[in-house]
Amino acid sequence: MKRFFARNAPAYVFLLPWLVGFFLLALGPILASLYLSFTRYDMVSDPRWIGLGNYEYMFTRDRRFWKALDVTFTYVVLAVPARLIVALGVAMLLDRGLRTIGLYRAIFYLPSLLGASIAIAILWRQLFAEDGVVNQVLALVGIQGAAWITDPDTSLYTLVILAMWQFGSPMLIFLAGLRGIPRDLYEAAEIDGTPRWRQFTRITLPLLAPVIFFNLVLQTIEAFKTFSSAFIISNGTGAPADSLLFYTVYLFNEAFKFFRMGYASALAWVLLVIIAIFTAIAFFTSKYWVHYENERD
Amino acid sequence: MEVSVEMEEAAKIAHEMRLRRDKRARNGRILKHIFLIGVSCVMLYPLFWLLASSFKPENEIFGSLTLWPSEFRFDNYTEGWNALPQSFTLFYVNSAIVTALSVIGNLISCSFAAYAFARLSFTGRRFLFALMMMTLMIPYHVVLIPQYVQFLRLGWVDTYLPLVVPRFLASDAFFIFLMVQFFRQLPRELDEAAMIDGCSPFKIYRAIILPLSLPAMGTAAIFSLIWVWEDFLAPLIYLNDIKSYTVPLALRLFLDQEGKSAYGQMFAMSVLSLVPVVIFFVLFQKLIVRGIATSGMK
Amino acid sequence: MAGLTLRNVGKRYGALSIIQGLNLDIRDGEFLVLVGPSGCGKSTLLRMIAGLEDISEGTIAIGGRIVNDLPASKRELSMVFQSYALYPHMNVRKNLAFGLQNFNVPRQQVEHRVAEAARILQIEQLMDRKPRQLSGGQKQRVAIGRAIVREPQLFLFDEPLSNLDAELRVQMRAELASLYTRLGTTMIYVTHDQVEAMTMASRIVVLRGGKIEQVGTPQELYTRPQNLFVAGFIGSPKINMLQAKVLHEAGRTFVDIAGLPRFAIPALRATSEAMTLCVRPSSLQVGDGDVTTEGTIRLVEYLGSETLLHVALPSGQVLLVSDSGRNPYRMGDPVTIGFDLFDLHYFDSAGQRVEPTQNESLVQ
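Quick caveat: nothing in here was measured; it's all calculated off a predicted structure.

(A) The domain arrangement of chain C, seen in detail. Residues and elements named next belong to chain C. Taken domain by domain, chain C holds domain 1 (4–230) and domain 2 (237–363). A C-alpha centroid distance of 38 Å is found between domain 1 and domain 2. Opposite the 7 residues of domain 1 that make contact, domain 2 presents 7 residues. For the side of domain 1 that touches domain 2, the per-class residue count stands at 3 nonpolar, 3 polar and 1 charged.

(B) The interface of chain B and chain A, seen in detail. The partner chain A presents 71 residues to the 64 residues of chain B that form the contact. Of the residues that constitute the side of chain B that touches chain A, the class distribution is 46 nonpolar, 13 polar and 5 charged.

(C) Here's a closer look at the sheet that holds strand β15 (residues 285–286) of chain C. Residue and element names in this part refer to chain C. Spatially, 5 strands are ordered β15-β19-β16-β17-β18 in an open sheet, and the strand pairing comes out antiparallel. Looking at the sheet topology across the chains shown, the edges are occupied by β15 and β18 (318–323). Bridge analysis of strand β16 (residues 291–302) against strand β19 (residues 334–339) gives 6 bridges, and the strand direction is antiparallel. By the bridge assignment for β19, G295 is matched with V335.

(D) Examining the nonpolar core more closely. Judged by nonpolar contacts, the single largest core of 254 residues is most densely connected at A:F246, B:A113, B:A114, B:I176, B:M179 and C:L156. By residue number, the principal contributor to this core is helix α3 (residues 63–95) of chain A, which donates 13 residues. Every residue in contact with B:A114, bar those within four places of it in the chain, is listed here: B:I176, B:M179, B:V180 and B:F183.

(E) Geometry of the domain arrangement of chain B. Residues and elements named next belong to chain B. Domain assignment breaks chain B into domain 1 (2–73) and domain 2 (86–295). Look at where the C-alpha atoms of domain 1 and domain 2 centre, and you get two points 38 Å apart. Opposite the 7 residues of domain 1 that make contact, domain 2 presents 6 residues. When contributions to the side of domain 1 that touches domain 2 are tallied by element, the ones reaching two or more residues are α1 (2–55) and α2 (58–61). Residue contributions to the side of domain 1 that touches domain 2 peak at 4 residues, all from α1. In the side of domain 1 that touches domain 2, the residues fall into 3 nonpolar, 2 polar and 2 charged.

(F) Up close: the sheet that holds strand β5 (residues 65–66) of chain C. Residues and elements named next belong to chain C. Reading across the sheet, the 4 strands line up as β2-β1-β4-β5 and stay open at both edges, with antiparallel pairing between neighbours. Strands with a single pairing partner mark the edges of an open sheet, and in this sheet they are β2 (16–26) and β5. Two strands pair when backbone bridges link them, and strand β1 (residues 4–13) and β2 are joined in this way by 7 bridges, in the antiparallel orientation. Residue pairing across strands places R12 opposite S17, the latter belonging to β2. Relative to β1, helix α1 (residues 42–50) is tilted by about 115°, and along the sheet it contacts β1, β2 and β4 (57–62).

Rules used throughout
- Residues numbered from 1 in each chain as written.
- Chains lettered and ligands numbered in written order.
- Predicted model: local features only at pLDDT ≥ 70, side-chain atom pairs only at ≥ 80, totals over all residues.
- Domains from an automatic or database assignment.
- Contact = placed C-beta atoms within 7 Å.
- Nonpolar A, V, L, I, M, F, W, Y, C, P; charged D, E, K, R; others polar.
- Pairing = 2+ DSSP bridges.
- Helix = DSSP H or I, 4+ residues; strand = E, 2+ residues; numbered from the N terminus.
- Core = buried A, V, L, I, M, F, W, Y, C linked by C-beta atoms within 7 Å.
- Buried ≥ 20, exposed ≤ 12 C-beta atoms within 10 Å, placed from the backbone.
- Axes fitted to C-alpha atoms, helices over the stretch in contact; angles between N-to-C directions.

Written as structure tokens, this is what we have:
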């Protein structure tokens, strides 16, 4: 017993801040959130138990919930692949044949770093405004641009483009992955006269599969969590016509504008479950398409 | 005689082929550069447009694609700085306080946890590590409401405590993961040699692991600095009094006053808010890039 | 300085048993070498003594004090690692002083001891360099220096020479031996290189599969290996092993070995029907011996001081013969080889050594 204590005590001392944080800031709130999701709670009076009431309302009567899901899923389905394809393409361009890539790498990564800031969201609103830069460029080639931000049909695409603009971090991860592919594989393929496209599908893609998988999971989770830019660009409401009603924006407004904390908690739990399902699907299907070079680790 | 002629011929052909291949490679490189420069321009144009607009008079901002203002005006900066009920000086001080405390908190608490996970053996290590990794996945929105209720009860709303205290409790697991990845690369014999040299676990952390992990600490510091600086949601929820606003919240105030059409000032302040991030990026670009490569994230 | 007592020491990782029921007494001031094939548990055992691995069973006592629950930092020993494990961010001086400072040795004494160690190891001119500015041999010296400044009661070495090139290894081997003579401290040294073991050890412990096969001086191990494993492990070129059938006729003992004429052997303390007879290549002679046989030279390896002949017996078995190296042998030549009876080692069917009854003195 004494031995057990002596063996473990130092480690747990080091873990203490994290453990406290884990219980008070993660596990506790998650469980509290689960409890609140079964209540009606406005922060003034005590939470009132209403069973599955919130969930029932959400799934059967709340149009805005479905709209938020629709907006968010559309965004995820468009933005994640778009971002990853751009990232992979640029990474492959940078990977071979060029000696100095540092500057390009920096330029391409910069937007990812700035992307979460309010300043960029503000800038984006102006770029896609009716008299904004984008429309002026389009006017140069004779196209009459739309009112991108205020038109419900197009507003979401401005955010997809914002997501594409921030392809920097997956690009860096792809670059690291490409560096890990042995050069002699390509040389062997070259000698065998394998065309470039087949080199890509037969060497690059399979060997990069773990990295692609990793990026896909990560970016999907990130996309589900998108908040600041949507909040700013939609003026905090999800406007126009709820076309930018991202799930997180809806949740935020339910909680902190209308103080429907119980309902918002139910929304939060549904989001958690959705993300968990996506992650689980990715992990369980990964064995069919991800080949790991080193199975041991 | 004939043989040597043939050989000469063959050598010439080989030489020409090599030349052609080199030329093709060079042409390919040039094409690539042209393409990449083009992409770079598109990528950077919005940022330059923002910068340029911040110097333009109000009526020039829209309706013109040229980046060069007809005259450079600093009014947007001087007026924008004081355009809100409180001066930006205050917002910057607020942001600096929150950021500095958060970075310190992140570095201490996350490196503690990472040291335990990466270097110490203890009962429950695998399980706790898995838990830690799972918290990476949890959206902030899920824990937000109970956290808010809790902090409200503690009377912490409208203070910086809800923004800072969680960081001293290693709430950002990404940094733990980043540091674990780095610590694991250090040879374990160093710890063992230090142990035999009479070091306690804490001494090993302080005298061996930390000094050897300065790059990882630097990476974590920069990321955490930039993210906290840009953080919007948490301040939005916890800070109501304009006196305690951080820079992102202040920027948002411009949007609420859009009717006044102070675009130039808004852009000028936006530019200023990005300046620290860009400076740190330029200075520590290498650390950031390497940090992403080692963690494989973000 | 201190002796060491290991009682029923065992190490398990879950169901996997690395070391089982190991008993060993290490005398004060002894240079003990742990040797064995990779995976035999020698490094694990050393690390258990150091306090870097838990002891699953049994007790380890240093200088009479049981240290099972004592952390490495309190065992008053030093260790030299295979990878040297110098602290990369400290210069040589700080590397040497670090341990002493942790033990609150007064500053003056730290300086004195560091200077002394630097002098002994001739690294005085390197004191301000960082480890990455040192060559392999220099790193090795610093690592040893770090161990000796502590003036511990026990030195542990974990394959310290295996990262050096051949020439340096020979040199450092000699230096370590002279360091041992000078300090006289108990040393425990792990290696897989039997030459290191043979040249430096007061006693050698041969380990296999987490068990001790034999403990003894280098001479004992070479001349009287207790079992087939030790016979095969110690000595280079490797000992020749012959499968033999034992017959008893008219009060005498004979052996049948495929390809050899039947011959009589001295009476043994115990016999089994099948035995293994071993003879070292250096005990096989060309053209001479109590027992001789014909063979064909398959391969000639000229080593300078000796020539190693691979001789195929009519049965097809190949024996190694070490010859003085002056005669011109050619592949394919027929050759007569032989050995003297007292050069034979006898092992029963369980692989354990069996001594002849009368001429034990001869074997020595």
